There are 2 protein chains.
Amino acid sequence: MVMNLMRNRRSIRVYRTEPVPGEKVAKILEAGRLAPSGANRQPWVYIVVDDEALKGEIRKRSEEADSLFHKEAPDWLKNWLKEEGITTTKQFLTDAPFLVVVAGNTKAPYWLESTWISIAYMILLAENEGVGTLTYTPGNTEPLNKLLNLPKDYEVVAILPIGFPAETLPPEKRPRRPLAQIAFHNRHGINLPQSFGSNLHVRR
Amino acid sequence: MVMNLMRNRRSIRVYRTEPVPGEKVAKILEAGRLAPSGANRQPWVYIVVDDEALKGEIRKRSEEADSLFHKEAPDWLKNWLKEEGITTTKQFLTDAPFLVVVAGNTKAPYWLESTWISIAYMILLAENEGVGTLTYTPGNTEPLNKLLNLPKDYEVVAILPIGFPAETLPPEKRPRRPLAQIAFHNRHGINLPQSFGSNLHVRR
């Protein structure tokens, strides 16, 4: 059931190096391909990286970019990164057997929005296949565009490592705002009536 | 199976006015709530609109914005809109029993990207519930921010009409680029090897 995939999916930051069958990767890409897009332009491309040297290059450039990003982050974000144990070391970029680098055609209407729907489809399919992933965007994606020979007008938007998880995350590590705090009736600030049964969904 | 939801989901532009049970709407919102987000900020809010006058206002402002948008569209987009029969008349905004207006906190990191993952989750859950929807963004969302009393820093990103479809769309109305055209190996332009079985997925 799709709601269970959504509920159980966690962002995985530690991977086993063990290979993932290529068919599973292809299924994940196929899911991304099926996403709707602005004017049906399907503005996404997926670069599946398994070359170890190239993964190393991607990691190097991402860590460089993130060092700057972490340094310039506002205090609340610095604290969050610390609490989560997220450092500028991106070992998952070399440990995961595959990286799916997702790029989009910046000239297509709603290209970024469409590409992120496509990414959402892929992370759900990965969960369905029992494979871990993460939507990781380095602080600067510019160096990757050239490294991956992207055509003009295409930009990297995210890297999805694909691999079997080497960590088990408890659900309570992801506290969530209850529906009553984010869903409103006709205007912001007005609660949905009981007929929506929305209080049933107020859980973490 | 989640891939079937992805494969069968179509953007619905014609709706029956018949009510959708509130519980189904709540389930759709619950799916959106479960999306991952940048630094777990969950930057989205959902305004469920069923007030007929307010739906009329939203339609009026969207049609005004789209008149300008269609006029200024490049030729290829004008042609696409014509082929698809998409005009500036947005009857679905008043016919659909519910509009879920999705807005995001523009100060959160990756707020737009995160909010679109949340939208992707909602459209798949709608498909799972047998309810039609569409990710519609008017050419200018600015007038809606005030109309819906959004807090400072929040912006409307899309309107999802929620209703039972009054049209049945054949799959071939959505031609798709084959996987071989969008998925590459290590660098753009290099085909994935057979071991990915990706040719199996080359279908519309």
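Placed above this text is the structure.
Here the structure is a predicted model, which means the values were calculated and not measured.

Draft legend 1. Representation of the pairing of strand β2 (residues 98-105) of chain B within the structure. Residue and element names in this part refer to chain B. When you tally the buried positions in β2, you get eight out of eight residues, the bulk of the element. Side-chain alternation along β2 places F98, V100, V102 and G104 on one buried face and L99, V101, A103 and N105 on a second face that is also buried. Bridging between strand β1 (residues 44-49) and β2 involves six bridges; their strand directions are antiparallel. Residue Y46 lies in a different strand from β2, and its bridge partner there is V102. By the bridge criterion, eight bridges tie β2 to strand β3 (residues 154-162) in an arrangement that is antiparallel. Within the sheet, the bridge partner assigned to N105 lies in β3 and is Y154.

Draft legend 2. Spotlight on the sheet that holds β1(B). Taken in spatial order, the four strands make up an open sheet running β4(A)-β1(B)-β2(B)-β3(B), and their pairing is mixed. Each edge of the open sheet carries a strand with a single partner, namely β4 (183-185) of chain A together with β3 of chain B. The average angle at which neighbouring strand axes cross in this sheet is 25 degrees, direction not considered. The sheet contact formed by β4(A) and β1(B) spans three bridges and is parallel. In the strand pairing of β1(B), A:A183 is matched with B:Y46. Lying over the sheet, helix α2 (residues 22-33) of chain B contacts β4 of chain A together with β1, β2 and β3 of chain B, oriented at roughly 165 degrees with respect to β1(B).

Cut-offs used in this document
Residues numbered from 1 in each chain as written. Chains lettered and ligands numbered in written order. Predicted model: local features only at pLDDT ≥ 70, side-chain atom pairs only at ≥ 80, totals over all residues. Buried ≥ 20, exposed ≤ 12 C-beta atoms within 10 Å, placed from the backbone. Helix = DSSP H or I, 4+ residues; strand = E, 2+ residues; numbered from the N terminus. Pairing = 2+ DSSP bridges. Axes fitted to C-alpha atoms, helices over the stretch in contact; angles between N-to-C directions. Contact = placed C-beta atoms within 7 Å.

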